[in-house]
Amino acid sequence: MAWLKTLAETYDVYADLAGIDRNGQAVLLPISHSTFNAQIEVTIDKDGNFLNAKKLEKGGDVVTIIPVTEDSATKTSGITPHPLCDKLCYIAGDYTAFTGDDKEKHFEAYMEQLRDWAESEDTHPMVQAIWQYLKKRSLIQDLADSKVLEPDEGGRLTDQMKIQGLGQTGANVRFIVYGDFMPQEVWKNQDLYQKYITYYQKKSENKKLCYASGKIESCSDKHPSKIRNSADKAKLISGNDESGFTYRGRFVSKEQAVTVGYDTSQKAHNALRWLIQKQGYTRDESAIVCWMANRDMQIPDIMKDSMNAFNGVDDFDFDAMDDLDSLPVKTHDTGKYIAQQFNNAVNGYAGKIRTDDKIALIALDAATTGRLSVVYYDEMGGRQYMDAIQNWQQHCKWRRTVRVGKTEESKKRITCECTPSPRDMALAAFGIQRSEWLEADSKLLRATVKRLLPCITRKEVPIPSDIIRAAAQRASMPQTMSDFVWYNDVLCVACAMIRYNYEKGERNMDNFLEEKENDRNVLFGRLLAVYDYMEQRALFEYDENGKVKEMRTTNAKRYWNAYSSRPAKTAKTIKQNLIAYEKKLKDYELAKFEEWTRGIMVHLSENGFDNRALSELYLPGYYQQMEYMKNSFQKKEQ
């Protein structure tokens, strides 16, 4: 119940934003309110006289905040009208006459409920106006006269005509009421929200102990859906399966299992829905959101790579990356420079986090279309969270190319040391390139991302070894994907994960080749890099503009997978195939490659030049040897 209590507290922090639309951003719903997509908008005056109406186009401003009851918010069948805006069959007194479908009981139930609110001390002039208008039983006639609804030649209203792709008899209707000076949209009126909340709270009964808040309050066994999106039918709390085995044999009734206060449930669900829409990760049919629960402050998005994690966070400066083109390439390592500037900005932001701040992280997954489960939940202090994030970003990183910018239009590609996103790691481990990018089964991605969450928020938790092994296995098959995807999205991401688990205590990947100079896995990785780059240098062909033409796949790449399983035998095969290419190398190039090969073979002969399969450590050995060789030749040629 900790997640419910924390979400309810979060709602209280942001309660002043309830019902307010900020430039099309996600709206925090008031208590006892929900949303639907309206198809028709009716305008009346304050005395309840019809003025005009119009159809609402799909994709436009159709999402409408409406008051709901406990029953109407969860209705699936039966007669359960909403208090104000609803379908035609509830609010149109002439619905039966125009369609032939007897919905008189629906209309009577709606009008009785509306009358009770209109005559209460918590009524509102707009409610009274709508009540006065609908009493006339002329809604469909008025809509037909306005050409909003289109009856057939016999005057019968059918579903042959569609509004937003839906049959017109099932249209949702919302109202605008003209006051003394200007029209007021009922779904945006703050005073109307508060009037209904007060009215509905007075009707609440069934006071019991709320397991979440620990208070005696009106409790509910009907909880909201639409948590991940407006079409989501899955619920986090449900106990309506009285014929199954949900609680049979343990409790006599569902109330004995758990009781949750109505206000607490409303606040928690509304806050969760709002947080997911505003800043949540919603991919692969899962929903993950991290937020500050005790005050209004944005925090980095742990579901993105480190360079994009702070997008949208106030006072975080991305301007340092705007002048990359002006950096003198010969005197700056652009990737290191960007990473340093980024780390400085992170340190500045971290200073604004207080010790008493409360950070919460929740991950949701749907077992079925009707049930939603909390698969991961964690709470931590503000400083603890930032320490964990900085530890994650400082140690789980590798040089790769990412797109960075505040908006999608302004994003540009940069190459720097950065931390891959959890989804990038899952794709590196289990992805297959069928088109331009890696793809994988959504269930496998969800499960993998969930397993990575505690690695981010808990410094002592390593990345699961099976995920790293799977990524290393994918990196050992370069021929199954394009060069860029293999190098940037698999090899570099796998090396970042390996680095995170390696850099414990005093160990540092910057000194990896020196520290592991006698590790056969690293030595075989370095040898593979020498063979690979030797053939690349021999295959360099330049066009008339002096640029390197596209080269064919090297022997090292073709034999890579076999090399990772039987390194000694495969190394001899690759070496034999390179004899013809050695003649194409310049004298200083051949001398350097022979020098590197001799140095590696000396250590290998003493530490296991055999056919045992290589561990994942050969990958950073390959990468770092390759970078070392490229830098050596670059200095020589300059």
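About the cut-offs
Residues numbered from 1 in each chain as written. Predicted model: local features only at pLDDT ≥ 70, side-chain atom pairs only at ≥ 80, totals over all residues. Heavy atoms only, no water. Pairing = 2+ DSSP bridges. Helix = DSSP H or I, 4+ residues; strand = E, 2+ residues; numbered from the N terminus. Axes fitted to C-alpha atoms, helices over the stretch in contact; angles between N-to-C directions. Contact = heavy atoms within 4.5 Å. Core = buried A, V, L, I, M, F, W, Y, C linked by side-chain atoms within 4.5 Å. Buried < 20%, exposed > 50% of the residue type's maximum accessible area, 1.4 Å probe, protein only. Parallel < 35°, antiparallel > 145°, perpendicular 65-115°, else oblique. Left-handed = near helix turned anticlockwise from the far one by under 90°. Nonpolar A, V, L, I, M, F, W, Y, C, P; charged D, E, K, R; others polar.

Spatial strand order, E9-E10-E11: three strands in an open sheet with antiparallel pairing. Sheet topology places strand E9 (207-209) and strand E11 (260-261) at the edges, where each strand pairs with a single neighbour. Here E9 pairs with strand E10 (residues 216-220) via three bridges, running antiparallel. Across the sheet, Lys207 pairs through a bridge with Ser218, a residue of E10.

The three strands are arranged E12-E13-E14 in an open sheet whose pairing can be described as antiparallel. The two strands at the open ends of the sheet, each matched to only one other strand, are strand E12 (286-292) and strand E14 (372-381). Strand-to-strand, the axes of this sheet are offset by a mean angle of 10°, without reference to chain direction. Relative to strand E13 (residues 358-366), E12 runs antiparallel, the two sharing seven bridges. Paired with Met292 across the bridge in E13 is Ile359. Where helix H11 (residues 382-395) meets the sheet, its contacts fall on E12, E13 and E14, and the angle it forms with E14 comes to roughly 105°.

So, on to the nonpolar core. Residues Tyr385, Ile463, Phe593 and Leu619 are the most contacted members of the largest nonpolar core, which totals 96 residues. The biggest single contributor to this core is helix H15 (residues 483-502), with 13 residues. In contact with Tyr385, other than residues within four places in its own chain, are Cys290, Ile299, Pro300, Ile302, Ile359 and Met380. Formed by 82 residues, the second largest nonpolar core is a distinct cluster that contains Tyr95, Ala118, Val127 and Val186.

By the element assignment, Gln39 lies in the loop between strand E1 (33-37) and strand E2 (40-45). When the C-alpha positions of Gln39 and Asp221 are compared, they lie 31 Å apart, and in sequence the two are 182 residues distant. Excluding its chain neighbours within four sequence positions, the residues that come into contact with Gln39 are Lys54, Lys55, Leu56, Ile163, Gln164, Leu166, Gly170, Ala171 and Asn172.

A few words on the packing of helix H17 (residues 520-539) against helix H20 (residues 567-577). With their axes 11 Å apart at the nearest point, H17 and H20 run at an angle of 15° to one another. In terms of axis orientation, H17 runs roughly parallel to H20. The interaxial crossing formed by H17 with H20 has left-handed handedness. Across the interface between the two elements, Arg520, Phe524, Leu527, Leu528 and Tyr531 of H17 pack against Pro567, Ala568, Ala571, Ile574 and Lys575 of H20. Residue classes in the contact of H17 with H20 are distributed as eight nonpolar, no polar and two charged.

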